[in-house]
Amino acid sequence: MTKTALITGVTGQDGSYLSEFLLARGYEVHGIIRRSSVDYRERIAHLEGTPHFHLHYADMSDSMSLVKLVGKVQPDEIYNLAAQSHVQVSFDAPEFTADVDAVGVLRILEAVRTNHLEKTCKIYQASTSELYGKVEEVPQSETTPFHPYSPYAVAKLYGYWIIKEYREAYDMFCCSGILFNHESERRGETFVTRKITLAAARIAQGKQDCLYLGNLDSLRDWGYAKDYVECMWLILQHETPEDFVIATGVQHSVREFATLAFHHAGIELRWEGEGVNEKGIVERVNELTNERVKVGDVVVAVSPDFYRPTDVVNLLGDPSKAKRELGWNPQTTSFEQLVELMVAHDMKKVAADDAAAEIRKVNLAEFLEKGIDK
Ligand code: NAP
Ligand code: F7E
């Protein structure tokens, strides 16, 4: 029997990988998109028009749209990935974050109950290592106490508890995956990893002088998003509805990520100074950079603009339960491979963006000269 999945947040990093994963397993995949003045669906453009992939307009802040859609699609599985997912932005837009990331989860649960699907429809909730926040133990597992440390984390904590409540109160198959940071070449450009890999590529190609970052000491357990979406599915295939920590069990600092990313872009860095005065300075360059970067150039600096009112600084997950009960391998893609593949992607992207801009310039020049729009 073909299964039907509904994905909220289908246009995001995880939604796009999860769609590919489920389509490859023969699912009928439905995704929620929201109206925007620019049609920004780059991550799923390659799936649009394929027979088993369907998009619908709805919004996590609009209960009626969710109730109607769940009734229409009659999903066997819902993957609730939609969220205002940027921690720093949650300090600027806390109410919106709470509406989408907290009450949005409740709306999905109620949409399932309103359509009398609570005994047949399983729900995956995209929970987060940010729940551990101001950490109370290292590493963090399913039994570590929560101490959320941003409006984002507080909203996600509501999502975690309301999922647990509906599981117990209404005997629903709904679970949270407590996922640690996972990155990819599709990661949003303002998250620290992608900001670094794009900047390293631009700096190596002479398109940017310096990268400004916030807390370089912050420690994260970074995995590869493509490996993590498998776990979302495994959690819903598990015999009983349970919550799982998904992480690699390996930790690195933002500084280490930057050092390795610049290395793959052909630039060896040394670090000087402390705190807001710390700088990443070019120690050596290879032929990749083609003399666009020079030894002694300051290519990374700290800007307090990227400090957070409260920052989570020591995340390290213990994925033992997922390994044991889901048979998931947390080391499929190593940290080193992750950084390398992201930089390789962004080196090509920066070069291609340049080529495209060049063609646009030539076309514009010809148009202005000859009046022909190419
Ligand atoms: P992402 O790239 O930021 O994608 C978020 C998705 O949510 C986008 O599709 C976005 O749509 C959608 N969305 C936001 N507000 C919405 C609304 N009001 N109605 C409908 N859709 C809305 O996030 P991600 O990295 O893929 O993460 C997926 C989920 O996992 C999120 O819930 C995130 O909080 C959680 N999480 C992520 C990580 C991580 O490291 N990536 C770790 C733990 C948990 P638009 O494209 O229209 O903006
Ligand atoms: O920050 C520090 C920053 O924004 C990581 C989301 O997917 O993962 C993500 O949240 C660390 C923080 O991710 C910059 O202070 C330094 O300590 O990449 P990030 P995040 O906050 O960990 C969790 C698991 C989620 O659930 C979220 O949805 O890096 N940092 N300098 C910086 N961070 C950013 N963004 N920009 C900087 O310039």
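Here's a quick rundown of the structure. As a convention, each chain's residues are numbered from 1 in the sequence order in which they are written. Here every chain gets a letter starting at A, and every ligand a number starting at 1, in the order they are written. Local features in this predicted model are restricted to residues of pLDDT 70 or higher, and side-chain atom pairs are both shown and tallied only at a pLDDT of 80 or more, whereas totals for entire chains, interfaces and linings draw on every residue. Values shown for side chains rest on all heavy atoms present in the structure; no hydrogens or waters enter the calculation.

**Regarding the side chain of Gln84**
Then step 1. Structurally, Gln84 can be placed in the loop between β4 (77-80) and α3 (87-92).
Then step 2. Here a polar contact is taken to be a pair of N or O atoms separated by no more than 3.5 Å, where protein atoms must pair a possible hydrogen donor with a possible acceptor and residues adjacent in sequence count only if both atoms sit in side chains. A distance of 2.9 Å separates a polar side-chain atom of Gln84 from the backbone nitrogen of His86. What counts as a helix is a DSSP run of H or I of at least four residues, what counts as a strand is a run of E of at least two, and both are numbered from the N terminus.

**Looking at the site of ligand 2**
Then step 1. Close to ligand 2 lie 24 residues, the nearest being Ser85, Thr128, Tyr152, Ser218 and Arg308.
Then step 2. Measuring from an oxygen atom of ligand 2, one finds a side-chain N or O atom of Arg187 at 2.9 Å.
Then step 3. Between a nitrogen atom of ligand 2 and a main-chain N or O atom of Gly214, the distance comes to 2.8 Å.
Then step 4. For the accessible areas, the method is Shrake-Rupley and the probe is 1.4 Å, while residue cover comes only from the protein chains on display. A total of 700 Å² of accessible area belongs to ligand 2 in isolation, and the protein chains cover 96% of it.
Then step 5. Side-chain classes are defined by residue name, with Ala, Val, Leu, Ile, Met, Phe, Trp, Tyr, Cys and Pro counting as nonpolar, Asp, Glu, Lys and Arg as charged, and the others, Gly among them, as polar. Taken together, the residues of the shell around ligand 2 sort by class into 9 nonpolar, 9 polar and 6 charged. Whether a residue is near a molecule or strand depends on its heavy atoms: if one lies within 4 Å, it is near.

**Overview of helix α6 (residues 192-204)**
Then step 1. Every helix has an expected span of 1.5 Å times one less than the residues it contains. Here α6 contains 13 residues, and its C-alpha end-to-end distance of 18 Å stays within 8% of the 18 Å for a straight helix at 1.5 Å per residue.
Then step 2. Buried within α6 we find Thr193, Arg194, Lys195, Ile196, Thr197, Leu198, Ala199, Ala200, Ala201, Ile203 and Ala204.
Then step 3. Looking one or two residues beyond α6, the residue adopting positive phi is Gly206, at roughly 70°. Type-normalised accessible area, obtained with a 1.4 Å probe on protein chains alone, sets the label of each residue: buried when under 20%, exposed when over 50%, and partly exposed for intermediate values.

**Some details on the environment of Lys3**
Then step 1. Assignment of secondary structure puts Lys3 in the segment before β1 (4-8).
Then step 2. When the C-alpha atoms of Lys3 and His54 are compared, they prove to be 14 Å apart, with 51 residues separating the residues in sequence.
Then step 3. Pairs of residues are marked as contacts when any of their non-hydrogen atoms sit within 4.5 Å. Apart from residues lying up to four places away in sequence, Lys3 is in contact with Tyr27, Glu28, Asp76, Glu77 and Gln237.

**As for the sheet that holds strand β15 (residues 298-302)**
Then step 1. Any two strands between which DSSP finds at least two bridges are classified as paired. With respect to topology, 4 strands assemble into an open sheet ordered β8-β15-β14-β13, the strand pairing being mixed. This sheet does not close on itself; its edge strands, each paired only once, are β8 (211-213) and β13 (267-272). The mean angle between the axes of side-by-side strands here comes to 25°, regardless of whether they run parallel or antiparallel.
Then step 2. Axes here mean lines fitted to C-alpha atoms, for a helix over just the part in contact, with angles spanning 0 to 180 degrees between N-to-C directions. The strands touched by α6 within the sheet are β8, β13 and β15, with β8 carrying the most contacts at an inclination of about 160°.
Then step 3. Helix α8 (residues 254-264) rests against β8, β13 and β15 of the sheet, and its axis sits at about 150° to β13.

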